[in-house]
Amino acid sequence: MTDTVHVPLPGREYDVHVGPGLLHRAGELVAPLLARPRVAVVTDQSVAGFHLNALREGFEKSDISVTALTLPAGEATKSWPYFQRTVDWLLDERIERRDMVVALGGGVIGDLAGFAAAVLRRGVRFVQVPTSLLAQVDSSVGGKTGINAAAGKNLIGAFHQPSMVLADTDVLKTLPKRDFLAGYGEVVKYGLLGDADFFQWLERNGSSILAGDQAARIATVTRSVQMKADIVTRDETEQGERALLNLGHTFCHALEAATGYSGRLLHGEGVAIGCAMAFELSARMGLCPQEEPSRVRAHLRQMGTKVDLADIDGDLPDADGLMALMAQDKKVIDGRLRFVLVRGIGDAFVAEDVPPDAVRAVLAEALTARQ
Ligand code: GLY
């Protein structure tokens, strides 16, 4: 019941395995990559409670010894102090050039451990074992690693591709519904940016996916990973097409900044809202049919995720305040607003010079609907 997506980057190719029971099979799958039977696992406290023993047993039954570092859970861990702690720990554990680091966790642990592996002894290999839906469909694949700076998220990092990804769909059962739905925001994004048939399939199968149907969940993760793998293979370092993966992210980043990167808005929730707003903006600019934003919203509503600004509790800045937060975004070049826009569902493109008035109008309308 396991699917495999191959990422054929020349000299850095790897497989993403998707399916149930992969933690238990970690040793058998990773053993062929190891120079000696030993791995260093980096994880967090909440994931460790659920999954570290299963992963440890998965390695130990193939006679691979496991040493583990357990960090606090949460975005604050993706920072210089924990990065230093991780690198120092890997050195204390005598992890050498040909050894393997294993990242067991969501996006925070994958990004942090991947970045530590990228710089340790000028680069050691690492395996991603993503435990959130968001990490399985997005952050564990494609080699973006890093930490946050005081000046903004993900501003320090490196491209460092994993040597393997084990996306165990059984672990999704332990996710709180809200976290699962946040990851689903990234899943929908793939349909919206490049595969109208996948979006239609999600519309038909959304309730089975939510209810935990194993085959539907494997198909969901596999299709998402395949799309990401295809894009990353064509544009590893985001010189062009990879930017499409940022559909919804300019709005999302402004909303995350406005809500203080807090529990008021999870990243994937911001992506879902941001995708709906990118469709609104595209329709307002006459680029996509007027009925498409409603169809996107209807599906997100059916799934029960956040869709509109009205779904965010507490105060938000006005439209100009949100525009000011957007101006900090990495995608603003020479003060020009760069957005991923759409010609319709499944057809995204990068628009270089979006009129600020159109963006302000979409924001103002969405803010008015909250009142
Ligand atoms: N999450 C966007 C990317 O990996 O490019």
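Residues numbered from 1 in each chain as written. Predicted model: local features only at pLDDT ≥ 70, side-chain atom pairs only at ≥ 80, totals over all residues. Heavy atoms only, no water.

**Overview of the state of the cysteines**
Each disulfide consists of one covalent bond between the sulfur atoms belonging to two cysteines.
Now for step 1: Summed over the entire model, instances satisfying the criterion amount to 0 disulfides.
Now for step 2: The thiol sulfur of Cys 252 is not disulfide-bonded, and the nearest other cysteine sulfur, from Cys 275, lies at 8.9 Å.
Now for step 3: Under the relative-accessibility criterion, Cys 275 is labelled buried at 1%. (Disulfide = S-S within 2.5 Å. Buried < 20%, exposed > 50% of the residue type's maximum accessible area, 1.4 Å probe, protein only.)

**Let's talk about the site of the ligand**
Now for step 1: Contacts to the ligand come from Asp 138, Lys 144, Lys 228, Glu 238, Arg 242 and Leu 245.
Now for step 2: At 2.9 Å from an oxygen atom of the ligand is found a side-chain nitrogen or oxygen belonging to Lys 144.
Now for step 3: Starting from 190 Å² of accessible surface for the ligand in isolation, the protein chains cover 88%.
Now for step 4: Tallied by class, residues from the shell around the ligand come to 1 nonpolar, no polar and 5 charged. (Near = heavy atom within 4 Å. Polar contact = N/O pair within 3.5 Å; in protein donor to acceptor, adjacent residues only side chain to side chain. Areas by Shrake-Rupley, 256 points an atom, 1.4 Å probe, with all protein chains shown as cover. Nonpolar A, V, L, I, M, F, W, Y, C, P; charged D, E, K, R; others polar.)

**Concerning the packing of helix H6 (residues 177-194) against helix H7 (residues 196-211)**
Each pair of packed helices gets described by two things: the angle between the helix axes and the distance between those axes.
Now for step 1: With their axes 8 Å apart at the nearest point, H6 and H7 run at an angle of 160 degrees to one another. The angle between H6 and H7 falls in the class roughly antiparallel. Seen from above, H6 lies across H7 with right-handed handedness. Across the interface between the two elements, Lys 177, Phe 180, Leu 181, Tyr 184, Val 187, Val 188, Tyr 190, Gly 191, Leu 192 and Gly 194 from H6 touch Ala 196, Phe 198, Phe 199, Leu 202, Gly 206, Ile 209 and Leu 210 from H7. (Axes fitted to C-alpha atoms, helices over the stretch in contact; angles between N-to-C directions. Helix = DSSP H or I, 4+ residues; strand = E, 2+ residues; numbered from the N terminus. Parallel < 35°, antiparallel > 145°, perpendicular 65-115°, else oblique. Left-handed = near helix turned anticlockwise from the far one by under 90°. Contact = heavy atoms within 4.5 Å.)

**Things to note about the sheet that holds strand E5 (residues 100-105)**
Now for step 1: Strands sit in the order E1-E2-E9-E6-E5-E3-E4 across an open sheet of 7 strands; the sheet is mixed. Unpaired on one side and paired on the other, strand E1 (3-7) and strand E4 (65-71) mark the two borders of the sheet. If you compare each strand with its neighbour and ignore which way they point, the axes differ by 20 degrees on average.
Now for step 2: Where E5 and strand E6 (residues 125-130) come together, 6 bridges link them in parallel fashion. (Pairing = 2+ DSSP bridges.)

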